[in-house]
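The chain contents come next:
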Amino acid sequence: MHMKKSLVIVPVNDVEAALIVRIAKAAGIDVSVSRQQHGASIDRGRDYVKMMKEGEWDEVAIVEMPGVVTEQKIEKMGIDVVIIDHHNYTGLTRAKCPRSQRMLKSSLEQFLKHYKLTNAKLMKLGFDPVLVKGVGIFDRSYIWGLQDEGYGAEQIEQVRDYQDLL
């Protein structure tokens with residue numbers, strides 16, 4: 001069975017993104033870190049099309065860096081483009097599933113699901129799944145989301161402390 005060789009492109013502009021980078025590296029997934037701040041776009045900065053031509057990737061996961069022009073160019077090269085995002089942009093909606101129109105989970109939660117990073121795998125990589133998932137939940141719905149997901153006051157404080165460490 002052929003396993004896809006994947007690259008994750010992510011701007012390290014918040015705690016969620018920083019954690020995605022750490023987990024991806026620990027899991028042996030290739031990572032390209034963008035230094036762009038909020039409002040990052042794959043259409044700006046590094047020439048990602050050239051990078052993909054020179055690499056040996058079958059798939060690229062683009063985290064919170066919309067850029068339809070570059071995404072389409074990469075797809076035309078025969079590389080699978082996975083969009084990991086949960087935001088709306090001017091003229092571009094990425095907060096909802098295109099098929100169901102349901103609100104998407106955080107990018108961290110989508111990343112974990114796409115790469116099949118279960119609790120057991122996270123622990124094997126040295127991460128606490130409760131804290132990792134807490135960062136994702138917090139990113140999409142703040143403390144109220146943590147409460148809705150069953151996090152108690154002590155666990156919420158642990159998630160907040162973990163975010164400060166990151």
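Nothing here was measured: the structure is a model prediction, and the numbers come from that model.

A. Spatial organisation of the overall build of the protein chain. Scanning the protein chain from terminus to terminus reveals seven helices and six strands. Reading the protein chain from its N end, one meets helices and strands in the order β-α-β-α-β-α-β-β-β-α-α-α-α. By the compact-globule yardstick of 15 Å for 166 residues, the protein chain fits well, its C-alpha radius of gyration being 16 Å. Once local pairs closer than 6 in sequence are excluded, the contacts in the protein chain between residues at least 24 apart make up 55%. Surface exposure of the protein chain reaches about 9600 Å², of which carbon and sulfur atoms provide 51%. Once the 23 positive and 23 negative side-chain charges of the protein chain are each reduced to a mean point, those two points are 5 Å apart.

B. Structural view of the nonpolar core. Counting residues in hydrophobic clusters, the biggest one holds 31 residues, and the most contacted among them are Val 8, Leu 19, Ile 23, Leu 108, Phe 111, Leu 112 and Val 132. Not counting residues within four places of it along the chain, the set of residues in contact with Leu 112 comprises Ile 23, Leu 117, Leu 122, Val 132 and Lys 133.

C. Region of the structure containing helix 1 (residues 15-26). Under the 1.5 Å per step criterion, the end-to-end length of helix 1 is 17 Å for 12 residues, consistent within 8% with the ideal 16 Å. N-cap assignment for helix 1: the residue whose side-chain oxygen lies 3.4 Å from the backbone N of Glu 16 is Asp 14. Two residues or fewer after helix 1 comes Gly 28, characterised by a positive phi angle close to 80 degrees.

D. Highlighting the environment of Gln 101. Mapped onto the fold, Gln 101 is located in the loop between strand 6 (92-93) and helix 4 (107-114). C-alpha of Gln 101 to C-alpha of Gly 152: the two residues are 51 residues apart in sequence and 30 Å apart in space. From its side chain, Gln 101 meets the backbone oxygen of Pro 98 in a polar contact 3.1 Å long.

E. How the structure looks around the packing of aromatic side chains. Tallying each qualifying case throughout the model produces three aromatic pairs. Here Phe 111 and Tyr 115 contribute two aromatic rings whose centre-to-centre distance is 5.1 Å and whose plane-to-plane angle is 50 degrees, an arrangement assigned as tilted. Taken as a pair, Phe 111 and Tyr 115 share a single burial class, namely buried. Between Tyr 142 and Trp 144 the ring centres are 6.3 Å apart and the planes differ by 85 degrees, which places this aromatic pair in the edge-to-face class. According to the relative accessible area criterion, Trp 144 is exposed, its value standing at 59%. Grouping aromatic residues by their ring pairs yields a cluster made of Phe 138, Tyr 142 and Trp 144.

Criteria and thresholds
- Residues numbered from 1 in each chain as written.
- Predicted model: local features only at pLDDT ≥ 70, side-chain atom pairs only at ≥ 80, totals over all residues.
- Heavy atoms only, no water.
- Helix = DSSP H or I, 4+ residues; strand = E, 2+ residues; numbered from the N terminus.
- Rg over C-alpha atoms; globule rule 2.2 N^0.38 Å.
- Contact = heavy atoms within 4.5 Å.
- Areas by Shrake-Rupley, 256 points an atom, 1.4 Å probe, with all protein chains shown as cover.
- Lys, Arg positive; Asp, Glu negative; His and termini not counted.
- Charge placed at Lys NZ, Arg CZ, Asp CG, Glu CD.
- Core = buried A, V, L, I, M, F, W, Y, C linked by side-chain atoms within 4.5 Å.
- Buried < 20%, exposed > 50% of the residue type's maximum accessible area, 1.4 Å probe, protein only.
- Expected span 1.5 Å × (residues − 1).
- Polar contact = N/O pair within 3.5 Å; in protein donor to acceptor, adjacent residues only side chain to side chain.
- Phe/Tyr/Trp six-rings, centres within 6.5 Å; stacked < 30°, edge-to-face > 60°.

On their own, these measurements won't tell you what the molecule is for.
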